[in-house]
Amino acid sequence: MFSSNVLVVLPILIPLTGAAVAILLRKRRGWQAGWTLATMIASMVFSFLLLAAVWRGGEPLVFQSGGWPAPFGISLVADMLSAVFVVMTQLVMVTGILYAVGSKDKVVTYPTFYPLFLTLATGLTGAMLTGDLFNMYVFAELLVISGTILTAISDDRFGTEAAYKYFYISLLASFFMLLAIGSLYAGYGTLNMASLAANIATKEVSPLLWPAIGFLMATFMIKSAVFPFHFWQPDFHTAAPTAVSAMLSSVVVKLGVYGFLRMTTLLFVAQAPTIRAILIVLGIIGVIFGGLSALGTHNVKRMLAYSTLAQVGFILIGVGWGTALSITAAIIFAFNHSIIKAAMLMLAGYVASRASVKSAAFDIVTGVGRPLPAAGFLFFLGSLALAGIPPTNGFVSKMLFFDSGIRAEGYGALLLVGLASIFTLMYTVRAFQRIWWQKPAEGISTKGSGDRLLAPAILVTLIMVLGIWAQPLVAAAQWTSAWLGDPALYIQAVLGG
Amino acid sequence: MTLLVALTVGLLFAIGIFQMLQRNVIRSLIGLMILANAVNLFLLSTGAYEGLEAAYTTADQPSSDPLPQALILTAIVISMGGTAFILAMLIIISARYKTADMDEVDRLKK
């Protein structure tokens, strides 16, 4: 019927086409929502098929767009890393749309809400599947613009302000990326990642190589909100509509993680030790700073946004240790964190939608959860997962992380991070107590109706399933990490021969 | 020529960053636009004029590199969209706060 290479394009093309059709359906809101959900589910099915095809095929799937051979045309490449990240993205995106469909926010009634959601998915998927640096820049811009507009139209009054801040800093990120692209092109005469990797490994070192590495690192640090480029993230993720902030704080920040993995295992293998040393330091700062800031906030959504800083810190340390096991741990951590953080943010949004004023600030939501035991149970399981307590998937990722750290002999980092991860338990338990145990203040009552609980329930089910039956994910991550250990595999698949 | 381009790129970067750090939002937006042009000029300097002939002629002479030009074209389009979007957000923000001073737009932090 079709060759399996087409599978690489489908997770990008389906949401993009779906977005165009969804704009045409803007007059019929019910149809538009249904169409968007169907499109995203179809895209997710194909991303699972892509993962299966890559896994079974044993080599990266490459689609040369327009039929141009590798260094000249744009190649789309799905190796295990891309495929796993795309599956993660699309899985969480489906639940995001599901949450938006059941949401009472005014923002979901805007005609462009669903199309922008689909272009957000397109941008993220495309940036992870592309094998060309400039194409990655274009997809990242699509992602940034969609995400910013979705936040700017938020119900929250400060949505525009937060969106302005974010857009400003991410325009800077795209300048950094363009500078990196220019430097690499001047030095090595290509932008195809596989041929760049081959050229950097074999040709003499260009004087622009280190500036390019620095610019690319700054780009991905802004994308992942890594200290010292973190300051936009809590504002932006708090002000965004719930369905959107659940995406931004879970899968969108993983683009930077993906970029760092590609940098250290494909593009700059010889320079990787320096990059990794920097990543470990940044990760430790992120874990401690994120944990402390999350303890000091007065808003559930803001607390979870700071917690993302800490969790991304863990992943960066995993990438920084750079052993096969620690990269496995980082990939599993990234996958699990996406699911956990999306579920937690949706639950926070669910509680806020039941509060008298739509806000997730602690003095408004205190006690609001008392008539909502189901959400409380889900939030409790999510907290366990975030803190890494069995039988949730958070335990699997934390255990692998610490195991790989002991084997990599990163004891200093382990000690600091181990202490800082106690913060996780402290702030999630505090949020749980305030919302579900404390008595509400005078005059604060719980509204009878609000957002639907289906999407977070699905995610929490996934948390439990992946905690008890972790084998498939662990196997996929191990296989990914084995592939990443051999950049020649990627280079050969793209360039051929 | 190379020195001239290098100096121009450097000067544009300096002006852009200086303007971007101003408190007035309009000035900082102008700074951002200057920075975008500095980046584009930098991309252009990576080899757009190494040959004299256009890339699509059949003349047997060293042809100039079409790729940086294609990159800049894309970058210009994207930064135009971005600038338009920033201006739209600025209209909303300045109407809400009745000021163009970034230090007074701070209700998000409270």
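So, on to the overall build of chain A. Counting its regular elements, chain A contains 21 helices and two strands. In summary, chain A has a C-alpha radius of gyration of 21 Å against a globular reference of 23 Å for 497 residues, a match within 12%. Each of the three principal axes of chain A carries a C-alpha extent, and together these read 70 × 55 × 40 Å. Relative to its full complement of 497 residues, chain A shows a buried share of 63%. The contacts of chain A with a sequence gap of at least 6 include a subset with a gap of at least 24, amounting to 79%.

Within chain B, the regular secondary structure consists of three helices and zero strands. The order of α-helices and β-strands along chain B, N terminus first, is α-α-α. Taking the contacts inside chain B whose residues are at least 6 apart along the sequence as the reference set, 39% of them involve residues at least 24 apart.

Taking 1.5 Å as the rise per residue, helix α3 (residues 80-101) of chain A with 22 residues should run 32 Å; its terminal C-alpha atoms sit 32 Å apart, in good agreement. In terms of residue burial, α3(A) counts as a mostly covered element, since 21 of its 22 residues are buried.

A word on the interface of chain B and chain A. Between chain B and chain A, the residue contacts involve 22 residues of the former and 20 residues of the latter. Secondary-structure elements contributing two or more residues to the side of chain B that touches chain A are α2 (25-44) and α3 (66-97) of chain B. Ranked by residue count, the leading element in the side of chain B that touches chain A is α3(B), at 11 residues. Class assignment of the residues belonging to the side of chain B that touches chain A gives a composition of 16 nonpolar, five polar and one charged.

Here we take up the nonpolar core. Residue and element names in this part refer to chain A. Counting 213 residues, the largest nonpolar core has Val-84, Phe-117, Ile-181, Ala-343, Leu-347 and Val-351 as the members making the most contacts within it. Here the element with the most residues in this core is helix α14 (residues 324-354); it accounts for 21 residues. With residues up to four places along the chain from it excluded, the contact list for Leu-347 reads Ala-375, Leu-378, Phe-379, Gly-382 and Pro-456.

Note that A:Ser4 resides in the segment before α1 (10-24). With 16 C-beta atoms counted inside 10 Å, the residue A:Ser4 sits in the partly exposed group.

Let us now look at unusual backbone geometry. All names here are of chain A. Cis geometry marks the peptide bond from Phe-227 to Pro-228, where omega comes out at 0 degrees. With respect to the element layout, Pro-228 can be found in the loop between α8 (209-224) and α9 (232-239). Cis geometry is found at the peptide bond from Pro-390 to Pro-391, where omega equals 5 degrees. Tracing the chain through its elements places Pro-391 in the loop between α16 (373-387) and α17 (393-407). The phi angle at Ala-225 is positive, at roughly 55 degrees, despite the residue not being glycine. Here Ala-225 lies in the loop between α8 and α9. On the neighbour-count criterion, Ala-225 (27 C-beta atoms within 10 Å) is buried.

Residue and element names in this part refer to chain A. Taking every second residue as pointing to the same face, both faces of strand β2 (residues 75-78) are buried, with Ser-75 and Val-77 on one and Leu-76 and Ala-78 on the other. When strand β1 (residues 61-64) meets β2, the two strands line up antiparallel, connected through four bridges. What sits directly across from Val-62, in β2, is Val-77.

Let's shift gears to α2(B). Look at α2(B): 29 Å from first C-alpha to last across 20 residues, which is about the 28 Å you get at 1.5 Å a residue. Those residues of α2(B) that fall on the buried side of the exposure criterion are B:Val25, B:Leu32, B:Ile34, B:Leu35, B:Ala36, B:Ala38, B:Val39, B:Asn40, B:Phe42 and B:Leu43. Buried-residue contacts for α2(B) involve α6 (159-188) of chain A together with α1 (2-20) and α3 of chain B.

Caution applies to low-pLDDT regions: their predicted coordinates should not be interpreted in detail. Chain-level statistics for chain A give a pLDDT mean of 90 and a share of 99% at 70 or above. At the low end of the mean pLDDT range in chain A sits helix α15 (residues 362-365) of chain A, at 82; at the high end sits helix α4 (residues 113-129) of chain A, at 95.

Residue-level pLDDT values for chain B average 84, and 88% of them are 70 or greater. Of the two predicted TM-score estimates for the complex, the pTM is 0.93 and the ipTM is 0.91.

Here helix α5 (residues 133-152) of chain A crosses α3(B) at 10 degrees, and the two axes come no closer than 11 Å. Between α5(A) and α3(B), the angle is such that the two are roughly parallel. On the side of α5(A), the interface is formed by A:Phe134, A:Val138, A:Glu141, A:Ile145 and A:Ala152, while α3(B) contributes B:Leu71, B:Thr74, B:Ile78, B:Gly81, B:Phe85 and B:Met89. A breakdown of the residues in the contact of α5(A) with α3(B) according to their chemical character gives eight nonpolar, two polar and one charged.

Attention shifts here to the packing of α1(A) against α4(A). Residue and element names in this part refer to chain A. In contact at an axis separation of 8 Å, α1 and α4 are set at 160 degrees when each is read in the N-to-C sense. If you check the angle between α1 and α4, you find them roughly antiparallel. Where α1 crosses over α4, the two elements pack in a sense that is left-handed. Taken together, the residues of α4 that come into contact with α1 (itself represented by Pro-11, Ile-12, Pro-15, Leu-16, Gly-18, Ala-19, Ala-22 and Ile-23) are Tyr-114, Pro-115, Leu-118, Thr-119, Ala-121, Thr-122, Thr-125, Gly-126 and Leu-129. Class assignment for the residues of the contact of α1 with α4 results in 12 nonpolar, five polar and no charged.

Cut-off values and rules
- Residues numbered from 1 in each chain as written.
- Chains lettered and ligands numbered in written order.
- Predicted model: local features only at pLDDT ≥ 70, side-chain atom pairs only at ≥ 80, totals over all residues.
- Helix = DSSP H or I, 4+ residues; strand = E, 2+ residues; numbered from the N terminus.
- Rg over C-alpha atoms; globule rule 2.2 N^0.38 Å.
- Buried ≥ 20, exposed ≤ 12 C-beta atoms within 10 Å, placed from the backbone.
- Contact = placed C-beta atoms within 7 Å.
- Expected span 1.5 Å × (residues − 1).
- Nonpolar A, V, L, I, M, F, W, Y, C, P; charged D, E, K, R; others polar.
- Core = buried A, V, L, I, M, F, W, Y, C linked by C-beta atoms within 7 Å.
- Pairing = 2+ DSSP bridges.
- pLDDT = per-residue confidence, 0-100.
- Axes fitted to C-alpha atoms, helices over the stretch in contact; angles between N-to-C directions.
- Parallel < 35°, antiparallel > 145°, perpendicular 65-115°, else oblique.
- Left-handed = near helix turned anticlockwise from the far one by under 90°.

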